[in-house]
Every structure is written in C-alpha cells, then in structure tokens.
Amino acid sequence: MTDWKSYVSHLECGATGERLEADRLHNLSPAGKPILVRYDLDALARDLDRDRLATRAPDLWRYRELLPVRDPANAVSLGETATPVLRLDAVVSGGPLFIKDEGRLPTGSFKARGLCLAVCMAKALGVERMAMPSNGNAGAALAAYATRAGIESVVLCPADTPEINLQEIALQGATVYKVDGLIDDCGKIVGRYKERMGWFDTSTLKEPYRIEGKKTMGLELAEQFQWRLPDVILYPTGGGTGLIGMWKAFAELKRIGWLEGDMPRMVAVQATGCAPIVRAFEAGADHAERWQDASTVAAGIRVPAALGDFLILDAVRKSGGFAIAVEDDAILAARKEVARTEGLLLCPEGAATYAAYKTAREAGRIAADESAVLFNCATGLKYPMPDGSIDLVPDADGSFDATFGPD
Ligand SMILES: *Cc1c(COP(=O)(O)O)cnc(C)c1O
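Fair warning: this is a prediction, and the values are worked out from it, not measured in the lab.

*Asks:* Is there a simple way to explain the site of the ligand in this structure?
*Replies:* Neighbouring the ligand are 18 residues; Lys111, Lys214, Tyr235, Gly238 and Gly240 lie closest to it. Measuring from an oxygen atom of the ligand, one finds a backbone N or O atom of Gly239 at 3.3 Å. Within the complex, the protein chains bury 96% of what would otherwise be the 380 Å² of accessible surface of the ligand. Secondary structure elements with two or more residues in the shell around the ligand: β10 (232-236) and α7 (241-255).

What follows is the structure, given as structure tokens:
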C-alpha cells in the first residue's frame, strides 16, 4: 500500500509519563504500569484530512496513521471489518439509543481488534511465542491472529470456561490449559513461567498495543457519528482495555481537530457479582481492590482485579460519567428482551449495557434527551441460549394441522 504511514513517535508509562522507546519489546513500564503509545499528532494533523478516510476500505486499517504498525507487511489481518451501529427503536423511551455490534469481527468478538494489533507488533518485533490468561474471547483472538502470523500461542483459562471457547482456541492453533482459579490466577501462572517457557506475556495491558487495537472502536464510532460523539457511552468493563482505548481515541481526535462537540460521558458497566471498579468509583478511590469470589454470567467482565484500574477510573471521572453494576437476572432478562423486540441476539456482556442503561435512565443518571451508545462485544451465538420454551411438534398424524393450520 503506497499511502501507509504510522505517526507513532514513542511510548509512555501510563502512570508516571516516563518516555520509552518505540520499536522495541515492552511489557509493563519500569514503574510496573501499563504503557501507552504516543503519536506525532501535530504532524498528523498537518498531513491528513479526515475526509481522506472515506476513500479507504471500511476496516480497522483505515486509521493506520493512528496505529503503531509501520510496515504493512506486518499488518496481520483476518478482515477487521467496521462494525455497524444500530438504532434500538422498540425499547425504552428516552433519547436516541444505539448499539455498536462488535460480534461481526473475526473470532466473533471485539477482542479481535486488540489482539490483531498485539500480534502485528509481536511479529514486527520478532516474538515467537505469546501467552495469555483468558476467559475465552481474548484467547480465541490471540490463537487466530498468532496462527495467522506464524507465532506460537499458549492460553490459560479458568477451568469453568465454556467448552466451546476452549475448543475454539485449541482449534485455531493455540495450546490451551485449564486452571483451577479465576483469570488473575491464570495470569499469575503466565508470569511465573514466561521466562522458562520463552513466552511473551500478552496479558491485558501488559503489552502496549492491545489498547491501540481497541482504540479503533472509538475512532470508528466518531466517524460513524460524523465526528460528533453521542452524549453517553456504556461499556461492559472487565480489564477496561476498550474504555481506556476509546477515551484515548477521543483525546487524540480532539487534538488533531477532527472531533466536533463535547466528549461523551463514559459509563463503566459491571456485574454485581464482580464490580471492583464500581466499588472504587463510589468510594472515590484511584485504585480498585481485588473483588473476592467473583461470579457472573457475563464471563468477559469477570475480572476481579484490573491492572488499568486507575486509567479506567480516571476516564470515567474526567468524562463526567459513572460506574454501575447490574444483577445477573437483569442481564439475562435484557438479553431476552432485546432479542425478542429488536431481533438482536446479544452476548451477556452486551446485554449488561442495556440493563445498565435502563437502570440509569430510571434513576435519572442518564437524561431523557441524552443520546447513548451500548456495546455488544461478542456474537450472542457463542453463549448458551436462554430457555425459549420450544414445544415439541405433535406427531404428524393430522394433529399438526390442527395445531398450526389456518383458523
Ligand atoms: C473482554 C470482554 C469484555 C471486557 O472488555 P475489556 O475491554 O477487557 O474491559 C466484555 N465483553 C466481552 C464479550 C469480552 O470478551
């Protein structure tokens, strides 16, 4: 591709701002915190007009100037299509409500965005073996992209991870292990063995590039809303990569002058069975304590402790947003409701954002005239279906006609 250029300039510690060199391998910063990627935004603003994007393919690579991949030969791709923003009409009164359906991405979840970039950069920097803890979707995305790039991958999952996710990861070429514990227990094993096994630690926020991949949700959203963002964004928050990434996207777009209007309010949605960010938000704390005995049907947000807690809390507070937890029952009811009324089969995490929207509207935390965007992070087809009470067709002895025939 001829007009391929990344404006990446350097990296920075997300906590101390310490400057770090781009184009070499990093995990955490010297302070033990997540690393953020920085760009020469002034040059970018001079060189690139936002209208030029319209001439490019509708995928993640249309934002390549704001991504870290310098050489298109390292752009490992499985077709990272732009995902649709759908209006939800039938449900709840109030301002315009939209949902961005990320279930259309490769491997069926938005984890594809982050792992695509993590793998591209691992390839560019000569990594041969990547390892991560995963509740399912991240592992599937790592497996698929690593295999595509010719990199070995190892994924450690909690033992109760659904069989479909474990098999999907294995089938796409990773070595999968089950661990008797939660995702942070899996992460500890990666940490303990990485040197001996030659693993590059690809755990959430322990390498700089997954945030950049998730950032494209924010870039895409801005472009889809004609550079004027909706008032509120509700995001199901586990490790928080997406929320941090979108907030970073909006800041970068603002800096280069592409964004009009106000920044959106960022709302972190969690489940009441695992809500460390909500608890920290309400306590006014900068960091979140580990949540004991985490449990929820929304496995993607069953993250008891997030390394980027301070970045999530900072984005939520600076944006004037909030953090909110919803019950599993409300999540399952929301999943049914949206499927029945809108024809949209959400994943439980996506349904959580809908449940949170309803609760927040009722409590007046989102005003009737505010526009809002929900995130469906994965295809609903990857998850167990609710019981739809399906009747057995009566035997074909004539009673079928009697049951279903015209009146
Ligand atoms: C990973 C995941 C989340 C949480 O995303 P983060 O950006 O890590 O907070 C939510 N839903 C699903 C389906 C996921 O796979």
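Picking up after the structure, the text goes on.
*Asks:* Quick question: what am I supposed to make of the packing of helix α10 (residues 328-342) against helix α11 (residues 348-362) here?
*Replies:* Put simply, α10 and α11 touch, their axes get as near as 8 Å, and they point 95 degrees apart. Taken together, α10 and α11 sit at an angle that is classed as roughly perpendicular. Note on element contacts: α11 touches α10 through Pro348, Ala351, Ala352, Tyr354, Ala355 and Lys358, opposite Ala330, Ile331, Ala334, Arg335, Glu337 and Val338. Taken together, the residues of the contact of α10 with α11 break down into 9 nonpolar, no polar and 3 charged.

*Asks:* Sorry if this is basic, but what is going on with the nonpolar core here?
*Replies:* Nonpolar side chains tend toward joint burial in soluble globular proteins. Trp61, Leu234, Phe250 and Leu253 are the most contacted members of the largest nonpolar core, which has 128 residues in total. In contact with Trp61, other than residues within four places in its own chain, are Trp4, Leu67, Val69, Ala75, Val76, Ser77, Glu80, Cys116, Leu117 and Cys120.

*Asks:* Explain the packing of aromatic side chains here, please?
*Replies:* Between two aromatic rings, the relevant description is the distance of the centres plus the angle of the planes. Counting across every chain of the model gives 5 aromatic pairs. Where Phe110 meets Tyr235, the ring centres are 5.8 Å apart and the plane angle is 20 degrees; that geometry is what we call stacked. Of this pair, Phe110 sits in the loop between β5 (97-101) and α2 (111-124) while Tyr235 sits in strand β10; the two residues are 125 residues apart in sequence, bridging distant segments of the chain. For the residue pair Phe110 and Tyr235, the accessibility class agrees, reading buried in each case. Both rings, one in Trp227 and one in Trp258, keep their centres 5.5 Å apart while their planes meet at 75 degrees; by these two values the pair is edge-to-face. Pair noted here: Trp227 is in the loop between α6 (210-224) and β10 and Trp258 is in the loop between α7 and β11 (265-271), with a separation of 31 residues, a long-range link. Counting every residue linked through ring pairs, the aromatic cluster contains Phe110, Tyr235 and Phe375. Its end group placed over the ring of Phe110, Lys214 keeps NZ or CZ at 3.8 Å from the ring centre.

*Asks:* I tried to follow the sheet that holds strand β2 (residues 19-20) on my own but got confused; where do I start?
*Replies:* Within a beta sheet, neighbouring strands are joined by backbone hydrogen bonds and run either parallel or antiparallel to one another. Taking strand neighbours across the sheet as the criterion, the 3 strands line up as β2-β1-β3 in an open arrangement whose pairing is antiparallel. Looking at the sheet topology across the chains shown, the edges are occupied by β2 and β3 (35-39). Note: strand β1 (residues 8-13) against β3, 5 bridges, orientation antiparallel. Within the sheet, the bridge partner assigned to Cys13 lies in β3 and is Ile35.

*Asks:* What should I look at first to understand unusual backbone geometry in this one?
*Replies:* A negative phi angle characterises most non-glycine residues, just as the trans form characterises most peptide bonds. A positive phi is found at Leu205, a non-glycine position, where the angle reads about 65 degrees. In this structure, Leu205 sits in the loop between β9 (200-201) and α6. By relative accessible area, Leu205 is classed as buried at 1%. One non-glycine residue, Trp227, adopts positive backbone phi at about 65 degrees.

*Asks:* How should the domain arrangement of the chain be read in this particular structure?
*Replies:* Interfaces are often sized by the amount of accessible area the parts lose when they come together. When the domains of the chain are assigned, the result is domain 1 (8-74), domain 2 (85-108 + 212-382) and domain 3 (111-201). Opposite the 23 residues of domain 1 that make contact, domain 2 presents 19 residues. Between domain 1 and domain 2, the buried area comes to about 1900 Å², and carbon and sulfur atoms account for 69% of it. Applying the counting criterion to the domain 1 and domain 2 interface returns 8 residue pairs in polar contact (both at pLDDT 80 or more). Breaking the side of domain 1 that touches domain 2 down by element, the ones donating at least two residues are β3 and α1 (41-47). Per-class residue counts for the side of domain 1 that touches domain 2 are 16 nonpolar, 1 polar and 6 charged.

Reading the values: rules and limits
- Residues numbered from 1 in each chain as written.
- Predicted model: local features only at pLDDT ≥ 70, side-chain atom pairs only at ≥ 80, totals over all residues.
- Heavy atoms only, no water.
- Near = heavy atom within 4 Å.
- Polar contact = N/O pair within 3.5 Å; in protein donor to acceptor, adjacent residues only side chain to side chain.
- Areas by Shrake-Rupley, 256 points an atom, 1.4 Å probe, with all protein chains shown as cover.
- Helix = DSSP H or I, 4+ residues; strand = E, 2+ residues; numbered from the N terminus.
- Axes fitted to C-alpha atoms, helices over the stretch in contact; angles between N-to-C directions.
- Parallel < 35°, antiparallel > 145°, perpendicular 65-115°, else oblique.
- Contact = heavy atoms within 4.5 Å.
- Nonpolar A, V, L, I, M, F, W, Y, C, P; charged D, E, K, R; others polar.
- Core = buried A, V, L, I, M, F, W, Y, C linked by side-chain atoms within 4.5 Å.
- Buried < 20%, exposed > 50% of the residue type's maximum accessible area, 1.4 Å probe, protein only.
- Phe/Tyr/Trp six-rings, centres within 6.5 Å; stacked < 30°, edge-to-face > 60°.
- Lys NZ or Arg CZ within 6 Å of the ring centre and 35° of its normal.
- Pairing = 2+ DSSP bridges.
- Domains from an automatic or database assignment.
- Buried area = accessible area lost by both parts, 1.4 Å probe.

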